[in-house]
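Topology and contacts: notes
Next come the chains, spelled out residue by residue.
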Amino acid sequence: ADEVGLAMLSRLAIAVHGETVTARVVWRAGNATGLIPGYESQPIAKTVEDQLHACGVTPTNATAADIVFMVNNFQAAPQQEASQQSTSSWADYSDFLTQASRSCSSQVVSFADVRYANGGDRSFVSYLLNGT
């Protein structure tokens, strides 16, 4: 529920400007979108779609979407807690971050880090900040 405030702010900003905003979702682990995160009752793909709608954003598969929404998701059930994570190699993120980099020149790119429950993916954040 910690995302509710920002979702409502996003929805308000979009409504005030009278715009339609679309987002194309790109998954780090595209074959794992049917997995159910800890503390949730539905697949991660449905949760992401619901959150985008809550923000006033329309999900789309179109490559010309306004936003490329990159989701750093987990790839095996059960989802681990952040306290259980180990260091991940660049190979876990290279294709994902390369795709994000290509999109940056023409589209807004946004990230959701849901690989672990109750905390961020330290390796992912390191690669984003340092490229290493």
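These remarks concern the structure in this document. (Residues numbered from 1 in each chain as written. Predicted model: local features only at pLDDT ≥ 70, side-chain atom pairs only at ≥ 80, totals over all residues. Heavy atoms only, no water.)

Some words on the overall build of the protein
Cut-off, in case you're wondering: Going along the chain from the N terminus, every DSSP run of H or I of four or more residues is numbered as a helix, and every run of E of two or more is numbered as a strand. In what follows, a contact means two residues having at least one pair of non-hydrogen atoms within 4.5 Å. For every accessible area listed, the method is Shrake-Rupley and the probe measures 1.4 Å; residues are considered covered only by the protein chains on display. Only four residue types enter the tally: Lys and Arg on the positive side, Asp and Glu on the negative side, with His and both chain ends excluded. Note that the charge is assigned to NZ on lysines, CZ on arginines, CG on aspartates and CD on glutamates.
Looking only at helices and strands, the protein has four helices and four strands in total. Ordered by position from N to C terminus, the α and β elements of the protein give α-β-α-β-β-α-β-α. Projected onto its principal axes, the C-alpha positions of the protein cover 45 × 35 × 25 Å. Here the analysis covers contacts within the protein between residues at least 6 apart in sequence; of these, 78% occur between residues at least 24 apart. Summed over all atoms, the accessible surface of the protein reaches about 7700 Å², with 54% contributed by carbon and sulfur. Here the protein carries 7 positive and 12 negative side-chain charges, and the mean point of each set is 5 Å from the other.

Here's the deal with the packing of aromatic side chains
Let me state the cut-off plainly: A pair of Phe, Tyr and Trp rings is counted when the ring centres sit within 6.5 Å of each other, with Trp represented by its six-membered ring. The angle between the planes then sorts it: under 30 degrees is stacked, over 60 is edge-to-face, the rest tilted. Under the scheme applied here, a residue whose accessible area is under 20% of the maximum for its type counts as buried, over 50% as exposed, and between as partly exposed, the area being computed with a 1.4 Å probe on protein chains only.
Following the criterion strictly, the structure yields six aromatic pairs and no others. When the ring of F111 is compared with that of F124, the centres are 5.7 Å apart and the planes differ by 70°; the resulting orientation is edge-to-face. Highlighted residues: F111 in strand β4 (residues 108-113) and F124 in helix α4 (residues 122-130), separated in sequence by 13 residues. Overall, F124 belongs to the buried group, its relative accessible area being 2%. Ring pairing ties together the aromatic residues W90, Y93, F96, F111, F124 and Y127, which thus form one cluster.

Quick word on the pairing of β4
The condition that has to hold: In this scheme, strands are said to pair when DSSP sees at least two bridges between them. Throughout, right-handed denotes a crossover for which the path from the first strand over the helix to the second runs clockwise when the strands point away from the viewer.
Across six bridges, strand β3 (residues 67-72) lies against β4 in parallel orientation. If you follow F69 over to β4, its bridge partner there is S110. With helix α3 (residues 94-104) bridging β3 and the parallel β4, this β-α-β connection has right-handed handedness.

Topic: the environment of Q75
The condition is simple: Any pair of N or O atoms that falls within 3.5 Å is considered a polar contact. Within protein, one atom must be able to donate a hydrogen and the other to accept it, and sequence-neighbouring residues count only if both atoms are side-chain atoms.
When you line up the elements, Q75 lands in the loop between β3 and α3. Residue classification places Q75 among the partly exposed residues on the basis of a relative accessible area of 41%. C-alpha separation for the pair Q75 and L35, spaced 40 residues apart in sequence, amounts to 7.9 Å. Contact partners of Q75, with chain neighbours within four places excluded, come to R28, A29, A32, L35 and R115. There is a polar contact of 2.4 Å between the side chain of Q75 and the side chain of R28.

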